[in-house]
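Spelled out from the first residue to the last, the chains are:
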Amino acid sequence: MGEPTPRQRTVIVSDSKPVMPPYIKMRYDAGRNRWIILAPERLFDPDPIAVEVLKLCDGARTVGDIAAHLSNEYNAPVQDIEVDIIAMLQDLSDKGVVKA
Amino acid sequence: MNEIAPSPGGHVKEGTITMDAGEMRCDANPSSPTAPDPSCVVRAPIGLLAELTHRCPLQCPYCSNPLELEKVNVELSTEDWQKVMRQAAQLGILQVHLSGGEPTARRDLEEIVKTAAESGLYTNLITAAVLLKRERLEKLKECGLDHVQISIQDVDTQAENADRIAGYKGGSAKKKEVAGWVRELGMPLTINAPIHRHNIHSVEAIINYAVELGAGRVEIAHVQYYAWALKNRSSLMPTRDAFMAAARLVERKREELKGIIVIDAVVPDYYAKYPKPCMGGWGKGIINITPSGRVLPCHAAESITHLEFDNVRDKPLADIWLNGDAFQKYRGTSWMKEPCRTCPRREIDYGGCRCQAFALTGDAANTDPACSLSPLHEEWAKVADVESHQSPPAFVYRRPGGATPKPAAEKTPVSSDA
């Protein structure tokens, strides 16, 4: 089927604009009192930091924007935050949870 | 919130609800932040495997449905299934796997999907795809279908082999067409490939084919030997060498295709080191409902002949999950005998599979012979080696009544190498 476009790994960088595709659903699970990410035959259990980051991933903001925002919010060095969220988003991108 | 840990990716733990032709496994991080509710030792289930019908145009000889297939006239009604979906969501279930048989054989699939989606369930269609038309797939998407899993028997260039395995002419080409529609509609696609002696040489080609089809996931699902697969074990069992080669290949492809496709693999327990943690623990995370509404802790549980199963027609799902005899019987670890009872792995593998223990030892509370601590283990493990080196007998295809021409008692590994 389809066009033989070779599929490539997405590499998350400061300029990437990450977003969760519509079939990835992050929601609050009231019964279990926690946030969950529903994905094809997968469940992810994000900690509060991940939830905060993923809420900011709207496909418009860059990773840099998100790091700056959180740096302000939590008064932490922007460099450290960016390194951390790039690692997190790369992992989620490899698992198909985030597109960029 | 005030600390951002330096460990990469440490912010999101992963659990899986995986299902393939033979097994469903849930290891969705159950012991995470939520403290166990002291008033209720039983945790809410995570996944529901809804076998909407046992009707299926395919005749795969490794089918996980029981040999005694349920007939159309005992199937739950649309309203019954809709009620089940609402009750499942209330119970805390997060994902529903709409399966069969072939779920698209039910004309009311759209209504069931719609109710499931409206109830907040993540909906997964597990299909052979050959009955699907493009308009129907669009309709299902509109109704809220989140994900499609299509099973294949081999790659498109081996269509003849694929169609022979499925007992369905033209199936391979049709599946390819439907997979294309799934992607064109922007839906996520998983390719599920049950692996056995007749396609284990194609594992690399199958993974590449899944990439070509645009799948985000591919399941290299070694057949689990229950039901029809047990009946056909001597036709299906790959050699240990073939299995090991396939396992190495999967590892290599995982590296090579990182970020392009997720490769999940299910190991055949005949060649595994430890027994599998069946269902991630009995009555722990998964509920299975048969076409007629019987509620099972796993899809093979009816093979344990002394268990009694409740029906969603008679009782609310929550009541069945919490109190049903079949769920309580092997839940937790208190039912265990030695060597399981004091085994350090008792909460890791739960003594393996209850159905396999029952089939081979006559007591479902015994250790699964897949475990090296089982007195039957040696004999059991030998079976795979012997059968996989004999020339494979013809398939007993999965069809109503298809298992009965040989009325002899279900053969067990212990006797079958004679």
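A quick note: this is a predicted structure, and the numbers were derived from the prediction, not measured.

Draft legend 1. Structural context of the overall build of chain A. Broken down by element type, chain A carries three helices and three strands. Mapped from its N terminus to its C terminus, chain A presents α and β elements in the order β-β-β-α-α-α. Along the first, second and third principal axes, the C-alpha set of chain A runs to 50 × 35 × 20 Å. In chain A, which comprises 100 residues, the share counted as buried stands at 48%. Sequence-distant contacts, at least 24 apart, represent 57% of the contacts inside chain A between residues at least 6 apart. Summing over all exposed atoms, chain A offers an accessible surface of approximately 4900 Å²; the carbon and sulfur share of this is 53%. For chain A, the distance from the average site of its 12 positive side-chain charges to the average site of its 15 negative ones is 8 Å.

Draft legend 2. Structural context of the packing of helix α1 (residues 48-56) of chain A against helix α3 (residues 78-94) of chain A. Residue and element names in this part refer to chain A. Contact pair α1 / α3: the axes reach a minimum separation of 11 Å and the direction vectors enclose 75°. By the criterion of interaxial angle, the relationship of α1 to α3 is roughly perpendicular. Contact residues: A50, V53 and L54 in α1; I85, M88, L89 and L92 in α3.

Draft legend 3. Summary view of the packing of aromatic side chains. All names here are of chain B. Taken as a whole, this structure holds eight aromatic pairs over all chains when the rule is applied. Both rings, one in F395 and one in Y397, keep their centres 5.6 Å apart while their planes meet at 75°; by these two values the pair is edge-to-face. Among the residues examined, F395 registers a relative accessible area of 14% and is labelled buried. Pairwise contacts between aromatic rings join Y225, Y270 and W380 into one cluster. Geometry around W321 places R331 over its ring, the cationic atom sitting 4.8 Å from the centre.

Draft legend 4. Structural view of helix α9 (residues 240-256) of chain B. All names here are of chain B. Taking 1.5 Å of rise per residue, the 17 residues of α9 would be expected to cover 24 Å, and the 24 Å separating its terminal C-alpha atoms lies within 8% of that figure. Every buried residue belonging to α9 is among F243, A246, L249, V250 and K253, and all of these are buried. Looking straight down α9, one finds that the buried residues subtend no more than 120° of arc, so they occupy a single side. In α9, those exposed residues whose orientation departs by more than 90 degrees from the buried face are D241, R248 and E255.

Draft legend 5. Local environment of the pattern of salt bridges. Residues and elements named next belong to chain B. Using the criterion set out here, one finds 31 salt bridges over all chains in the structure. Note that R136 and E110 form a salt bridge whose closest N and O atoms lie 2.8 Å from each other. Of the two residues, R136 sits in helix α3 (residues 134-142) while E110 sits in helix α2 (residues 109-118), which places them 26 residues apart along the sequence.

Draft legend 6. Structural view of the sheet that holds strand β5 (residues 122-127) of chain B. Residue and element names in this part refer to chain B. Here nine strands make up an open sheet; going across it, the order is β9-β8-β7-β6-β5-β4-β3-β10-β11 and the pairing mixed. Two strands close off the open sheet at either side, each with one partner strand: β9 (262-266) and β11 (295-296). Packing of α9 onto the sheet brings it into contact with β8 (217-222) and β9, and relative to β9 it is tilted by some 160°.

Draft legend 7. Examining unusual backbone geometry more closely. All names here are of chain B. In this chain, G100 is followed by G101 through a cis amide linkage whose omega measures 5°. At the junction of E338 and P339, the peptide bond is cis and its omega measures out at 5° in the coordinates. For P339, the location among the structural elements is in the loop between α11 (325-329) and α12 (346-349). Positive phi, normally seen in glycine, also occurs at M279, with a value near 55°. Structurally, the position occupied by M279 is in the loop between β9 and β10 (286-289).

Draft legend 8. Summary view of the confidence of the model for chain B. Residues and elements named next belong to chain B. Model confidence for chain B is summarised by a mean pLDDT of 88, while 88% of its residues fall at 70 or above. Every residue in residues 1-8 is under pLDDT 50, and counting partners more than four places away or in other chains gives 14 contacts. Segment residues 16-41: pLDDT under 50, and 77 contacts once partners within four positions in sequence are set aside and those in other chains are kept. In the predicted assembly, ipTM is 0.92 and pTM is 0.89.

Draft legend 9. Representation of α3(B) within the structure. Residues and elements named next belong to chain B. What α3 keeps buried is the set R136, L137 and L140. With its buried residues spanning 100° around the axis, α3 presents them on a single face. Seen from the open side of α3, the exposed residues pointing more than 90 degrees away from its buried face are E135 and E142. The inward-facing, buried residues of α3 contact α2, β5, β6 (147-151) and α5 (171-184). One or two steps after α3, the chain reaches G144, where phi turns positive at roughly 110°.

Draft legend 10. Representation of the pairing of strand β7 (residues 189-195) of chain B within the structure. All names here are of chain B. Among the seven residues in β7, seven count as buried, and that is most of the element. Judged by which residues are buried, β7 turns out to be covered on both faces: L189, I191, A193 and I195 on one side and T190, N192 and P194 on the other are all buried. The pairing of β6 with β7 spans four bridges and is parallel. Its bridge partner being in β7, V148 is matched across the sheet by L189.

Draft legend 11. Representation of the environment of G283(B). As for its placement among the helices and strands, G283(B) is situated in the loop between β9 and β10. Taking the C-alpha atoms as reference, G283(B) lies 9.5 Å from A44(B); in sequence the two are 239 residues apart.

Draft legend 12. Structural view of the nonpolar core. In terms of nonpolar packing, the biggest core is built from 64 residues, with L48(B), M85(B), L98(B) and I287(B) touching the most fellow members. With six residues, the single largest contributor to this core is helix α6 (residues 203-212) of chain B. I24(A), L56(A), A67(A) and L89(A) belong to the second largest nonpolar core, which has 33 residues in total.

Calculation criteria
- Residues numbered from 1 in each chain as written.
- Chains lettered and ligands numbered in written order.
- Predicted model: local features only at pLDDT ≥ 70, side-chain atom pairs only at ≥ 80, totals over all residues.
- Heavy atoms only, no water.
- Helix = DSSP H or I, 4+ residues; strand = E, 2+ residues; numbered from the N terminus.
- Buried < 20%, exposed > 50% of the residue type's maximum accessible area, 1.4 Å probe, protein only.
- Contact = heavy atoms within 4.5 Å.
- Areas by Shrake-Rupley, 256 points an atom, 1.4 Å probe, with all protein chains shown as cover.
- Lys, Arg positive; Asp, Glu negative; His and termini not counted.
- Charge placed at Lys NZ, Arg CZ, Asp CG, Glu CD.
- Axes fitted to C-alpha atoms, helices over the stretch in contact; angles between N-to-C directions.
- Parallel < 35°, antiparallel > 145°, perpendicular 65-115°, else oblique.
- Phe/Tyr/Trp six-rings, centres within 6.5 Å; stacked < 30°, edge-to-face > 60°.
- Lys NZ or Arg CZ within 6 Å of the ring centre and 35° of its normal.
- Expected span 1.5 Å × (residues − 1).
- Arc of directions from axis to C-beta.
- Salt bridge = Lys/Arg side-chain N within 4 Å of Asp/Glu carboxyl O.
- Pairing = 2+ DSSP bridges.
- pLDDT = per-residue confidence, 0-100.
- Core = buried A, V, L, I, M, F, W, Y, C linked by side-chain atoms within 4.5 Å.

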